[in-house]
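What follows is each chain in one-letter form.
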Amino acid sequence: MRARRTTAALAALAAAALGAAGCGVTGAEDDSILGKDTLTIGVSPDQPGLGQLTGSTREGFDIDVAREVAKRLGVDASSLRFKNVTSASREEMLERGEVDLVVATYSITPERKTRVAFAGPYYVAHQDILVRGETTDIRNVRNLAGKRLCEVPGSVSFPRVTKEKGIAAVSAQASGYSDCLAKLQAGQLDAVSTDDLILAGLAAQALKSGGRPLKIVNSPFTDEPYGIGVRKDDTDGCEAVNKAITTMYQDGTAPKLLNKWFRLSRLDVVTTVPQFEGCD
Amino acid sequence: MTAVQRSPAASPASPAASEAGPPGTRAPGAPARRAGRPPLRRRLVPRTNVARIRAFTAAIVVALAAALAATWLAIDDARDGVRVIGHDAGPQVVATGDLYFALTDMDAQLANALLVGRTADLGITRAQAVGRYDADRRQAGTALLQAARLADETSEEKTARDLLEALGRYERLAGQALQLDDQSAHAAGPPNAKVVELYRQATDLMKLDLLPKAYNLTLDNGTLVRHTYEDERSAVLTGVIWVIVTGLVLVALLVGLQLSLAVRFRRLLNPALALATVGVLALTVASTLMLTAQAGDLRRAKEDGFDSILALSRARAIGNSANADQTRYLLDPGRSDTYEQVFLTKSQSVMYLRAGNLAAYNQALQGVPSGQGGPKYLGFLGTEAARAQAGPGQRQALGRVLEDWKRFQQDDRQIRELTAAGRRGQAIGVRTGTAARDFAAYDASLVKLIQIHRTAFDRAVDDGDGGSRGWELGLPVVGVAVLALLWVGVRPRLAEYR
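Computed from a predicted structure; not experimentally measured. (Residues numbered from 1 in each chain as written. Chains lettered and ligands numbered in written order. Predicted model: local features only at pLDDT ≥ 70, side-chain atom pairs only at ≥ 80, totals over all residues. Heavy atoms only, no water.)

Caption draft 1: View of the pairing of strand 3 (residues 51–54) of chain A. Residues and elements named next belong to chain A. By the bridge criterion, two bridges tie strand 2 (residues 46–47) to strand 3 in an arrangement that is antiparallel. For Gln 47, the partnering residue across the bridge sits in strand 3 and is Gly 51. Bridge count for strand 3 against strand 4 (residues 57–59) is three bridges, and the pairing is antiparallel. What sits directly across from Thr 54, in strand 4, is Thr 57. Taken together, strand 3 and the strand that follows it, strand 4, pair antiparallel across an intervening segment of two residues, in which Gly 55 is found at a positive phi of about 65°. (Pairing = 2+ DSSP bridges. Helix = DSSP H or I, 4+ residues; strand = E, 2+ residues; numbered from the N terminus.)

Here it is in structure tokens:
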């Protein structure tokens, strides 16, 4: 009787141990973007040239990058969904699993890295200056002293020039960067300064709609590494995205996309692969 | 002495007996079968004493083989893990980290050589800078070869090839800049415009093309080690489960046999079987402990050693290139804003404190106490500060690094303030004197911190190597011993039926 009970207990133990072994082998990999048949990618809806939603079509550099990355992860176009994200919602949506990746002019910063992992950067943007085509006296950020520079409330670009660089530019308020652009063309201000890719996107849009020609000064004064946000513990997924970005530069896709979206505004783009942040 | 209850009188034609025992054996004690019993059941359950003993013995032999095989395989996984991380890819990846450092230092020494010109009383002479440039170039070549050898995917191989090609272009530009600068023989300070233009091309190539690829290649190589580590460690831990399971099954079978003998033969204890049971139990416990320790050694080698060494080597390389941005700032006034900006970005990736410009960064930095407590900071040094203690002296060494980093940043303030006040000559003096010395001190402290992790790494690898030593002999010996005890324990009982 006792022997049978002991044997039963041992068998139960063995079964429990086997069960535990089963868990140990799989476990962590379950939530990786690898092996997913469908992907939801968070993008901006309102950044001309980067991520813009018009009606039901999305277009822009970020959208193309997102599509390429998905393709290289083995997800076909029909299984790819886009979702709008805002600067404020990006981390939370990744953490909650509402989006699998974020490709939305998402600068890698040490603070953000405490909440999400970043693949890439797929491009290092820089804060630069956009002026009217005929302007010749603004050649770098220092020349903004005394000029009317667009200030969008909530954006860090204006204080970067005035507070951090200590350059006495004059504030010219606008509701958003599209508004800045309209005011620049109307001669109500002298310069707009923010990330060069955003400026290039705006300038290209203005050019297409037949406004006054604008030009980018090409005098970068910050580094904004645009990363692809991945859930924090998905190291394998993050590394796979890095691999996708690497091959995009190696086979000429990334340079082609940069030209497609930013050549028109005569921005000097860098066509070599950026230095990655690392996934762990 | 014998205690046979039921005389061996069953018919030789009994199917149960003929199936359980080899042909020609008399099957003892099989009672007449009741009709209506399912035939499958009859076949699975041995119905005679001899058959039961034989079945137990056979099962024990199989279980023993399984237990030994499970242990053997788990040890093999553990050794593979220790070999790859401790002796093979691990140290090689660490060596490729030197590639990034050597490249940044090439560009830094080129800038030094162009900045000091023919002035000989500064901290460094042109000839010394060129000598270091050459040494760096050789080191970069060796590290690049190593990294190329580790590349295991086509995209990585292509990165390595592109790097080699870009390095050739860089060297051509550097050679041209040095030659042209030689002809003008200027005093310390910015060289002529043509030289600056050549240097710009060279440093842009380095910054935009070479360094990112070198960095990414090291990241890729690190991935290789991470995957091996995760695979082998999880294999070892799964192996531990199998060792426990097979060990317990074996013990259960031995106990079952023991009980079966006790009931059938009215004996209290079969000493040989009892000894075998204890032996198996001891082996299972010892294997479990050893394998768990191996998994622990692997984890320590990877997390306390490898990861930290790699991260701090990156911090060292990025700091070195920030140091070079100081030189570039003085060398090329036309780009001073850009160089000041990248100096800040690099300083923040070494040790992150929220600050929009260098003055604010320096102010925040000087307020960080070097001991524990104080505001939390991020970046490479922040990660290091948050890490569990890897070895004796790690905290103190980190405190030292922090102190030296503060001093280096303070010098930087001085250089920029002098330059802003139009005293560039004096700024160059500080740059090549105090600042160079303070940076060297910071670098030495960082190297010391890396060395502490290196020691932790070596110790974990040594423990890993030593932990499984001798087991390839021990396992067969234990196996043979258990078999012998089984034989000794069971044979006399079976002989009673002869």
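Caption draft 2: Expanded view of the layout of surface pockets. Computed from the structure, the second largest pocket encloses a volume of approximately 960 Å³. Lining the second largest pocket are 41 residues, with Asn218(A), Pro220(A), Asp204(B), Arg335(B) and Thr338(B) sitting closest to its centre. If you tally residues by element for the lining of the second largest pocket, the top one is helix 7 (residues 193–265) of chain B, at nine residues. Looking at the lining of the second largest pocket, its residues break down into 13 nonpolar, 13 polar and 15 charged. (1 Å grid on protein atoms, 1.4 Å probe; cavity = no way out; pocket = protein on both sides within 12 Å on 5 of 7 lines; lining within 4 Å. Points joined across faces, edges and corners; volume = space filled by probe spheres on them. Nonpolar A, V, L, I, M, F, W, Y, C, P; charged D, E, K, R; others polar.)

Caption draft 3: The arrangement of the state of the cysteines in detail. Residues and elements named next belong to chain A. Taken as a whole and assessed by the stated rule, the structure comprises two disulfides over all chains. For Cys 150, the disulfide goes to Cys 180, at an S-S distance of 2.0 Å. Between Cys 150 and Cys 180, the disulfide has an S-S torsion of -80° and is therefore left-handed. Linking Cys 150 in strand 9 (residues 148–151) with Cys 180 in helix 6 (residues 177–185), this pair joins segments that are 30 residues apart in sequence. For Cys 150, a relative accessible area of 3% puts it in the buried group. In this structure Cys 180 comes out as buried when scored by relative accessible area, which is 0%. Here Cys 238 engages in a disulfide with Cys 279; their sulfurs sit 2.1 Å apart. Classification of the bridge connecting Cys 238 and Cys 279 rests on its S-S torsion, roughly -80°, and on that basis the disulfide is left-handed. Remark: Cys 279 occurs in the segment after helix 9 (253–262) and Cys 238 occurs in helix 8 (residues 235–250); sequence separation between them is 41 residues. (Disulfide = S-S within 2.5 Å. Buried < 20%, exposed > 50% of the residue type's maximum accessible area, 1.4 Å probe, protein only.)

Caption draft 4: Just the environment of Trp471(B), in detail. All names here are of chain B. Residue placement: Trp 471 occurs in helix 14 (residues 471–495). You can call Trp 471 buried: its relative accessible area is 17%. Not counting the four nearest positions on each side in its chain, Trp 471 is found in contact with Thr 71, Ile 75, Arg 79, Leu 283, Ala 286, Ser 287, Met 290 and Pro 476. (Contact = heavy atoms within 4.5 Å.)

Caption draft 5: Geometry of the sheet that holds strand 7 (residues 116–125) of chain A. Residue and element names in this part refer to chain A. Here five strands make up an open sheet; going across it, the order is 5-1-6-13-7 and the pairing mixed. Both edges of this open sheet fall to strand 5 (80–84) and strand 7, since each of them pairs with a single strand only. Sheet analysis places strand 7 next to strand 13 (residues 224–231), joined by seven bridges and oriented antiparallel. Looking across to strand 13, one finds that Ala 125 is bridged to Glu 224. On top of the sheet, helix 8 reaches strand 6 (101–102), strand 7 and strand 13; it is set at about 15° to strand 7, its chief contact. (Axes fitted to C-alpha atoms, helices over the stretch in contact; angles between N-to-C directions.)

Caption draft 6: Representation of the confidence of the model for chain B in the model. On average, residues of chain B score 84 in pLDDT, and 88% of them are at 70 or above. Between residues 1–35 of chain B, whose pLDDT stays under 50, and residues either more than four places distant or in other chains, the model counts 37 contacts. (pLDDT = per-residue confidence, 0-100.)

Caption draft 7: Representation of the interface of chain B and chain A within the structure. Each partner contributes residues to the interface: chain B has 37 residues there, and chain A has 35 residues. Around 3200 Å² of area is buried between chain B and chain A when both sides are counted, 57% of it from carbon and sulfur atoms. On the surface where chain B and chain A come into contact, there are six salt bridges. For Glu239(A), the salt bridge identified is with Arg226(B), shortest N-O distance 2.7 Å. Linking chain B with chain A are 16 residue pairs in polar contact (both at pLDDT 80 or more). Taken together, the elements giving at least two residues each to the side of chain B that touches chain A come down to helix 6 (154–184), helix 7 and helix 9 (336–350) of chain B. A per-element tally of the side of chain B that touches chain A places helix 7 of chain B first, with 20 residues. Residue classes in the side of chain B that touches chain A are distributed as 16 nonpolar, 11 polar and 10 charged. (Buried area = accessible area lost by both parts, 1.4 Å probe. Salt bridge = Lys/Arg side-chain N within 4 Å of Asp/Glu carboxyl O. Polar contact = N/O pair within 3.5 Å; in protein donor to acceptor, adjacent residues only side chain to side chain.)

Caption draft 8: Up close: the pattern of salt bridges. Taken as a whole, this structure holds 55 salt bridges over all chains when the rule is applied. Between Arg226(B) and Asp236(A) there is a salt bridge; the shortest N-O distance is 2.6 Å. With Arg226(B) in helix 7 and Asp236(A) in helix 8, this residue pair bridges two chains. The same class applies to Arg226(B) as to Asp236(A), namely buried. Taken together, the shared-partner salt bridges in this structure form one network comprising Arg132(A), Glu134(A), Arg148(A), Asp190(A) and Arg212(A).

Caption draft 9: Structural view of the packing of aromatic side chains. Using the criterion set out here, one finds 10 aromatic pairs over all chains in the structure. Each ring, one from Phe61(A) and one from Phe262(A), has its centre 5.4 Å from the other, and the planes form 65°; the classification is edge-to-face. Of this pair, Phe61(A) sits in helix 2 (residues 61–72) while Phe262(A) sits in helix 9, and the two are 201 residues apart along the sequence. Given a relative accessible area of 2%, Phe61(A) falls into the buried group. Under the relative-accessibility criterion, Phe262(A) is labelled buried at 0%. Taking the centre distance of 5.2 Å and the plane angle of 65° together, the rings of Tyr100(B) and Tyr215(B) count as edge-to-face. Of the two residues, Tyr100(B) is situated in helix 4 (residues 89–116) and Tyr215(B) in helix 7; the sequence distance between them amounts to 115 residues. (Phe/Tyr/Trp six-rings, centres within 6.5 Å; stacked < 30°, edge-to-face > 60°.)

Caption draft 10: Spotlight on the environment of Thr284(B). Residues and elements named next belong to chain B. Here Thr 284 is to be found in helix 8 (residues 271–331). Placed 38 residues apart in sequence, Thr 284 and Thr 246 show a C-alpha to C-alpha distance of 8.7 Å. Side-chain polar atoms of Thr 284 contact the backbone oxygen of Val 280, separated by 2.8 Å.

Caption draft 11: Summary view of helix 8 of chain B. Its 61 residues place the ends of helix 8 of chain B 87 Å apart at the C-alpha level, agreeing with the 90 Å of an ideal helix rising 1.5 Å per residue. Remark: the principal bend of helix 8 of chain B, roughly 30°, maps to Lys302(B). (Expected span 1.5 Å × (residues − 1). Bend = angle between axes of the 7 residues up to and from the residue.)

Caption draft 12: Fine view of the sheet that holds strand 12 (residues 214–216) of chain A. All names here are of chain A. Overall, antiparallel pairing links the three strands, which are arranged 11-8-12 in an open sheet. Every other strand in the sheet has two partners, leaving strand 11 (192–195) and strand 12 as the edge strands with one partner each. For this sheet, the mean inter-axis angle between neighbouring strands, taken without regard to orientation, is 30°. Relative to strand 11, strand 8 (residues 127–132) runs antiparallel, the two sharing four bridges. Counted as the bridge partner of Ile 129 is Ser 193 from strand 11. In the packing of helix 6 onto the sheet, contacts are made with strand 8, strand 11 and strand 12, and the angle to strand 11 comes to roughly 145°.

Caption draft 13: A look at the packing of helix 4 of chain B against helix 5 (residues 126–150) of chain B. All names here are of chain B. Their axes nearest at 7 Å, the elements helix 4 and helix 5 cross at an angle of 155°. Between helix 4 and helix 5, the crossing angle belongs to the class labelled roughly antiparallel. Two packed elements cross with a definite hand, and for helix 4 against helix 5 that hand is left-handed. (Parallel < 35°, antiparallel > 145°, perpendicular 65-115°, else oblique. Left-handed = near helix turned anticlockwise from the far one by under 90°.)

Caption draft 14: View of the side chain of Asp438(B). Residues and elements named next belong to chain B. Examined against the element boundaries, Asp 438 turns out to sit in helix 13 (residues 424–467). One buried charged residue, Asp 438, remains without a salt bridge, the closest side chain of opposite sign being Arg 407 at 5.0 Å. Contact partners of Asp 438, with chain neighbours within four places excluded, come to Arg 407, Phe 408 and Asp 411. (Lys, Arg positive; Asp, Glu negative; His and termini not counted.)

Caption draft 15: Seen up close, helix 9 of chain B. Residues and elements named next belong to chain B. With 15 residues, helix 9 extends 21 Å from end C-alpha to end C-alpha; this agrees with the ideal 21 Å at 1.5 Å per step. Counting buried residues along helix 9, 11 of its 15 residues qualify, which places the element largely inside the surrounding structure. Restricting attention to buried positions, one finds in helix 9 the residues Ser 336, Asp 337, Tyr 339, Gln 341, Val 342, Phe 343, Leu 344, Lys 346, Ser 347, Gln 348 and Val 350. Contacts made by the buried residues of helix 9 are with helix 7, helix 8, helix 10 (358–366), helix 11 (379–386), helix 12 (394–420) and helix 13.

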